[in-house]
Amino acid sequence: MAQELRFSPTVTLLTVGRVWDAALAEALKPLGLTTRKYGLLGHIRGTPGISFSELARRSRITVQSAHTAVAAFTAAGLVEDATAHAGSASSLRVTEAGERLLADAGARVAALDARMAEAHPSLVDALRDDFEATVRRATFS
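Just so it is clear, the structure is predicted and the values come from calculations on it, not from any experiment.

Caption draft 1: Here's a closer look at the overall build of the protein. Helix and strand content of the protein: six helices and two strands. In the protein, the succession of α and β elements from N to C terminus is α-α-α-α-β-β-α-α. Principal-axis analysis of the C-alpha atoms places the extent of the protein at approximately 65 × 40 × 35 Å. Residues counted as buried form 25% of the 141 residues belonging to the protein. Of the contacts formed within the protein by residues at least 6 apart in sequence, a portion of 49% connects residues at least 24 apart. Accessible surface computed for the protein: about 9800 Å², of which carbon and sulfur atoms make up 58%. Averaging the coordinates of the 16 positive side-chain charges in the protein and doing the same for the 15 negative ones gives two points 5 Å apart.

Right, dumping it as structure tokens:
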């Protein structure tokens, strides 16, 4: 006898998230980006001068992993460290090439957003409402 299928908002949101994460990964792949790399680059752009420690904390990775990722970004000309010498704190920023890559990736994200809004308008509305409520709470806390 089959068990009754129960709705779980947690499992449903995780499932939907994984489906769209896979779509995002596929969209970013031709740009040489993964979802994680896109997020890291976005954090660096969003906080010029960010340290490795803060980048790691925001990205929920180790500082060592942040150093590895930034070294790859630097080698590709996407990020530079304004204070890159031993003994000093790092001050990371996205280069013009990094900005162009983020703009290309942003256009792909916008296309995915449009697809999601068309396929799941009520879900997008609910996510927007929740996001706006969260921002309001954070702003007035």
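And the narrative resumes.
Caption draft 2: Structural detail: the pattern of salt bridges. In this structure the tally under the stated criterion is five salt bridges. Among the salt bridges present, the one from R58 reaches E54, with a minimum N-O distance of 2.8 Å. Separated by four residues within a single helix, R58 and E54 lie in helix α3 (residues 52-59), roughly one turn from each other. With a relative accessible area of 33%, R58 lands in the partly exposed category. Take E54: its relative accessible area is 21%, and that puts it in the partly exposed class. One network of salt bridges, in which partners are shared, links E54, R57 and R58.

Caption draft 3: Looking closely at unusual backbone geometry. The residue R60 is not glycine, and still its phi comes out positive at about 60 degrees. Inspection of the secondary structure assignment puts R60 in the loop between α3 and α4 (63-75).

Caption draft 4: The arrangement of the nonpolar core in detail. Core analysis: the largest hydrophobic core is formed by 30 residues, its most contacted members being L41, I44, L55, V70, F73, V79 and L92. Elements with a minimum of two residues in this core: α1 (9-28), α2 (35-46), α3, α4, β2 (92-94) and α5 (96-119). Not counting the four nearest positions on each side in its chain, L55 is found in contact with L40, H43, I44, I50, A66, V70 and L92.

Caption draft 5: Broad picture of the packing of α1 against α5. Between α1 and α5, the shortest axis-to-axis distance is 10 Å and the interhelical angle comes to 145 degrees. With respect to the hand of their crossing, α1 and α5 are arranged in right-handed fashion. Contacts from V16, W20, A23, L24, A27 and L28 of α1 reach α5 at A105, R108, V109, L112, R115 and M116. Here the contact of α1 with α5 is built from residues that sort into 10 nonpolar, no polar and two charged.

Caption draft 6: Fine view of the environment of G42. Tracing the backbone shows G42 in helix α2. Along the primary structure G42 and G98 are separated by 56 residues, whereas in three dimensions their C-alpha atoms are 9.6 Å apart.

Caption draft 7: Spatial organisation of α2. Taking 1.5 Å per residue, 12 residues should reach 16 Å; α2 reaches 16 Å between its end C-alpha atoms and fits that length. Along α2, the residues that are buried comprise L40, L41 and I44. With its buried residues spanning 95 degrees around the axis, α2 presents them on a single face. Elements that come into contact with the buried residues of α2 comprise α3, α4, β1 (79-81), β2 and α5.

Rules of the game
- Residues numbered from 1 in each chain as written.
- Predicted model: local features only at pLDDT ≥ 70, side-chain atom pairs only at ≥ 80, totals over all residues.
- Heavy atoms only, no water.
- Helix = DSSP H or I, 4+ residues; strand = E, 2+ residues; numbered from the N terminus.
- Buried < 20%, exposed > 50% of the residue type's maximum accessible area, 1.4 Å probe, protein only.
- Contact = heavy atoms within 4.5 Å.
- Areas by Shrake-Rupley, 256 points an atom, 1.4 Å probe, with all protein chains shown as cover.
- Lys, Arg positive; Asp, Glu negative; His and termini not counted.
- Charge placed at Lys NZ, Arg CZ, Asp CG, Glu CD.
- Salt bridge = Lys/Arg side-chain N within 4 Å of Asp/Glu carboxyl O.
- Core = buried A, V, L, I, M, F, W, Y, C linked by side-chain atoms within 4.5 Å.
- Axes fitted to C-alpha atoms, helices over the stretch in contact; angles between N-to-C directions.
- Left-handed = near helix turned anticlockwise from the far one by under 90°.
- Nonpolar A, V, L, I, M, F, W, Y, C, P; charged D, E, K, R; others polar.
- Expected span 1.5 Å × (residues − 1).
- Arc of directions from axis to C-beta.

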